[in-house]
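Structural characterization, general
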Amino acid sequence: YMTVFVDTNVLLDWLLDRTDTYAEEATQLFVAAEKGRIKVLISAGSVYTVAYVLHRAGKRGPKLRQAMLDFLRLAEV
């Protein structure tokens, strides 16, 4: 399988389901990761940046924690 390094903005497109960006393509990328077709790598900086942006977008407490766990199951830091 292929290894793909994913930029923070791609993560945010997917997690926030942004309609004005490439959320659909980002979703396809993570579906492929979920099915084991690709390996997704992210930077350590992406983890705290994503947590901060999700918090600012209204995800807090258990919702934020679950969103972070969901995407960290699909990506390797």
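Refer to the structure printed above.
The notes below deal with the structure included here. (Residues numbered from 1 in each chain as written. Predicted model: local features only at pLDDT ≥ 70, side-chain atom pairs only at ≥ 80, totals over all residues. Heavy atoms only, no water.)

1. Here we look at the environment of Gln66
Rule in force here: Numbered from the N terminus, helices here are DSSP runs of H or I no shorter than four residues, and strands are runs of E no shorter than two. Think of it in three bands: residues with accessible area under 20% of the maximum for their type are buried, residues over 50% are exposed, and the middle band is partly exposed, with areas taken using a 1.4 Å probe on protein chains only.
Here Gln66 is to be found in helix H4 (residues 61-72). Gln66 sits in the partly exposed class, given a relative accessible area of 38%. Each C-alpha atom, one on Gln66 and one on Thr3, is 25 Å from the other, the two residues being 63 residues apart in sequence.

2. Focus on the pairing of strand E2 (residues 38-41)
As a reminder of what qualifies: When DSSP locates at least two bridges between a pair of strands, those strands are taken to pair.
The side-chain alternation of E2 yields one buried face, formed by Ile38 and Val40, and one unburied face, formed by Lys39 and Leu41. Where strand E1 (residues 2-5) lies against E2, four bridges are found, and the strand directions are parallel. Counted as the bridge partner of Phe5 is Leu41 from E2. Bridge analysis of E2 against strand E3 (residues 75-76) gives two bridges, and the strand direction is parallel. Bridging from a neighbouring strand, Leu41 pairs with Glu76 of E3.

3. Quick word on the packing of helix H3 (residues 44-56) against H4
What counts is decided by this rule: The axes used here are C-alpha line fits, helices contributing only the stretch in contact, and every angle between their N-to-C directions lies in the interval 0 to 180 degrees. The sense of a crossing depends on the near helix, which, turned anticlockwise from the far helix by less than a right angle, makes the crossing left-handed and, turned clockwise, makes it right-handed. Throughout, a residue-residue contact means that at least one pair of heavy atoms, one from each residue, lies within 4.5 Å.
Interaxial distance between H3 and H4 falls to 10 Å at its minimum, and their mutual angle equals 145°. In this structure, H3 meets H4 at a crossing whose hand is right-handed. Each of Val47, Val50, Ala51, Leu54 and His55 in H3 lies in contact with H4, whose residues at this interface are Leu64, Ala67, Met68, Phe71 and Leu72.

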